[in-house]
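Coordinate analysis (summary)
Residues per chain, in single letters:
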Amino acid sequence: EAKLAGRNTLRFFDPVMQARVSTRAELESALWVGLEKEQFLLQYQPQVLADGRITGAEALLRWRHPERGMVSPAEFIPLAEENGFILPLGRWVLESACAQLAHWAHDARMAHLSVAVNVSARQFRQDAFVAEVIEILERSGANPARLKIELTENSLVTDIEGVIAKMAALKARGVGFLLDDFGTGYSSLAYLKRLPLDQIKIDQGFVRDILVDPNDAAIAKMVIVLADSLGLAVIAEGVETEAQRLFLEQQGCVAYQGYLFSRPLAVPDLESLVDASQRLA
Ligand code: C2E
Ligand code: MG
Ligand code: MG
Ligand code: MG
């Protein structure tokens, strides 16, 4: 015990402290402090074509907590959506991703990349969402055509007219839209047909067992055919093995994201990877 006393991890493993930190109120105030103290950061996971070319990256949020280390979004996004913290946090994510895009526009290796940003239902439903995105794009100087917004079905199931109007207003500026986690929510195919989407993402839950579970394989195939017949691009997420990638390719999927290619990376690591993949090409 004495040996551990100097380690700053001790506090976290102290059962009393751990209980304290995990209370809702503590986590809530820690989130606000985190935003103020710049503890949030984005990592970027490459989106890759069959020939290995990197065409874009998904921005994934991380919280570098002084005691807990890197905290996964799964641990705080649900609470942030519930208590409204997702609004300032989501705004920060858009600002940070657009600043990165504007920066990459001056880097010959990186200028072609698109950046996909996850936007939660509560964030998208704000009346001022469109104005906020336009303001962030203009202030950052990012090219709107390089920004993709990832929505989940939860964002789309209520007020379809309002959803379409928001998407159309941003699409008119060049922003793209992608439906994330497709097949895990409650949207109907009739909705899908009406939405001005550009791309559908096959959820990793169907990719994981695609080679062993015929139901997952059937769903993945169905999504690829559906996307194709609606004129939408498709990307598979959670691709971890070459066998999974090959199966998806044989079904007509041409874009992939997953640990097979890369984990989400810090900016300098993504830049090196893009550089290396261009040298090979
Ligand atoms: P998502 O948007 O579906 O992101 C994909 C998740 O799968 C990411 O987890 C990513 O790190 C992980 N992943 C990527 N490739 C693989 C793979 O090959 N195998 C496995 N097992 N996992 C893989 P992450 O970064 O923990 O994010 C989890 C979720 O948190 C995201 O799911 C998204 O819903 C949410 N999220 C992340 N960043 C943001 C954000 O900025 N705003 C909002 N609203 N939500 C975010
Ligand atoms: Mg996503
Ligand atoms: Mg997803
Ligand atoms: Mg997911």
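Residues numbered from 1 in each chain as written. Chains lettered and ligands numbered in written order. Predicted model: local features only at pLDDT ≥ 70, side-chain atom pairs only at ≥ 80, totals over all residues. Heavy atoms only, no water.

As annotated in an unreviewed UniProt entry, the protein is GGDEF domain-containing protein from Thauera propionica.

Details of the overall build of the protein
Scanning the protein from terminus to terminus reveals 13 helices and 9 strands. In terms of C-alpha radius of gyration, the protein reaches 20 Å, essentially the compact-globule figure of 19 Å for 281 residues. With respect to the three principal axes, the spread of C-alpha positions in the protein is 65 × 45 × 40 Å. Across the 281 residues in the protein, those meeting the buried criterion constitute 46%. Across the protein, the fraction of contacts at a sequence separation of at least 24, relative to all contacts at a separation of at least 6, is 67%. In the structure as shown, the protein presents an accessible area of about 14100 Å², 54% of it carried by carbon and sulfur atoms. (Helix = DSSP H or I, 4+ residues; strand = E, 2+ residues; numbered from the N terminus. Rg over C-alpha atoms; globule rule 2.2 N^0.38 Å. Buried < 20%, exposed > 50% of the residue type's maximum accessible area, 1.4 Å probe, protein only. Contact = heavy atoms within 4.5 Å. Areas by Shrake-Rupley, 256 points an atom, 1.4 Å probe, with all protein chains shown as cover.)

Examining the pairing of strand β4 (residues 114-118)
Of all 5 residues in β4, 4 are buried; the element is thus mostly enclosed. As judged from the 4 bridges shared by strand β2 (residues 54-65) and β4, these two strands associate in the parallel manner. Opposite glutamate 58, over in β4, you have alanine 116 as the bridge partner. In this sheet, strand β5 (residues 147-151) lies alongside β4 in parallel orientation, the contact comprising 4 bridges. Bridging across to β5, valine 117 finds its partner in isoleucine 149. (Pairing = 2+ DSSP bridges.)

A few points about unusual backbone geometry
In this structure, glutamate 38 takes a positive phi of about 55° despite not being glycine. Tracing the backbone through its elements, the reader meets glutamate 38 in the loop between α3 (24-36) and β1 (40-49). The class of glutamate 38 is exposed, set by a relative accessible area of 69%.

Re the coordination of the magnesium ion (ligand 2)
Donor atoms from the polypeptide that bind the magnesium ion (ligand 2) are Glu58 (OE), Asn118 (OD1), Glu150 (OE) and Asp180 (OD), placed at 2.1 to 2.2 Å. Along the chain, the residues donating to the magnesium ion (ligand 2) fall in the pattern E-x59-N-x31-E-x29-D. For the pair the magnesium ion (ligand 2) and the magnesium ion (ligand 3), the metal-to-metal distance amounts to 4.0 Å, and aspartate 180 bridges them. One end of the pair, glutamate 58, is in strand β2; the other, aspartate 180, is in strand β6 (residues 176-182), and 122 residues separate them in sequence. As far as the burial class goes, glutamate 58 and aspartate 180 line up, both buried. (Donors = N, O, S within 2.8 Å, 3.2 Å for Na, K, Ca; no water.)

Observations regarding the packing of helix α7 (residues 129-140) against helix α8 (residues 160-171)
The interhelical angle for the contact between α7 and α8, taken along N-to-C directions, is 15°, at an axis separation of 10 Å. Between α7 and α8, the angle falls in the class roughly parallel. The hand of the α7/α8 crossing is right-handed. In contact with Phe129, Val130, Val133 and Ile134 of α7, α8 contributes Lys166, Ala169 and Leu170. Classifying every residue of the contact of α7 with α8 gives 6 nonpolar, no polar and 1 charged. (Axes fitted to C-alpha atoms, helices over the stretch in contact; angles between N-to-C directions. Parallel < 35°, antiparallel > 145°, perpendicular 65-115°, else oblique. Left-handed = near helix turned anticlockwise from the far one by under 90°. Nonpolar A, V, L, I, M, F, W, Y, C, P; charged D, E, K, R; others polar.)

Thoughts on the nonpolar core
Within the largest apolar cluster, 77 residues are counted, with the highest numbers of intra-cluster contacts made by Tyr44, Ile202 and Leu248. Per-element accounting of this core gives the leading share, 8 residues, to helix α5 (residues 86-104). Non-local contacts of leucine 248, meaning those with residues more than four positions away in its chain, are made with Ile202, Val207, Ile210, Ile224, Ala236, Val239, Cys253 and Tyr256. (Core = buried A, V, L, I, M, F, W, Y, C linked by side-chain atoms within 4.5 Å.)

As for the environment of alanine 220
Structurally, the position occupied by alanine 220 is in helix α11 (residues 214-229). If we skip the residues at most four places from it in the chain, alanine 220 touches Ile202 and Ile210.

Concerning the site of ligand 1
Lining the immediate environment of ligand 1, one finds 22 residues, of which Arg62, Asp180, Gln204, Glu240 and Tyr259 sit closest. In the model, a nitrogen atom of ligand 1 is placed 3.0 Å from a nitrogen or oxygen of the glutamine 45 side chain. Measuring from an oxygen atom of ligand 1, one finds a side-chain N or O atom of glutamate 237 at 3.3 Å. In isolation ligand 1 exposes 800 Å². Once the protein is present, 83% of that is buried. Counting atoms within 2 Å of the grid points, the majority share of ligand 1 lands in the largest pocket. Within the residue set of the shell around ligand 1, elements represented by two or more residues are β2, α5 and β6. The greatest single-element share of the shell around ligand 1, amounting to 4 residues, is contributed by β2. (Near = heavy atom within 4 Å. Polar contact = N/O pair within 3.5 Å; in protein donor to acceptor, adjacent residues only side chain to side chain. 1 Å grid on protein atoms, 1.4 Å probe; cavity = no way out; pocket = protein on both sides within 12 Å on 5 of 7 lines; lining within 4 Å. Sits in = over half its atoms within 2 Å of the grid points.)

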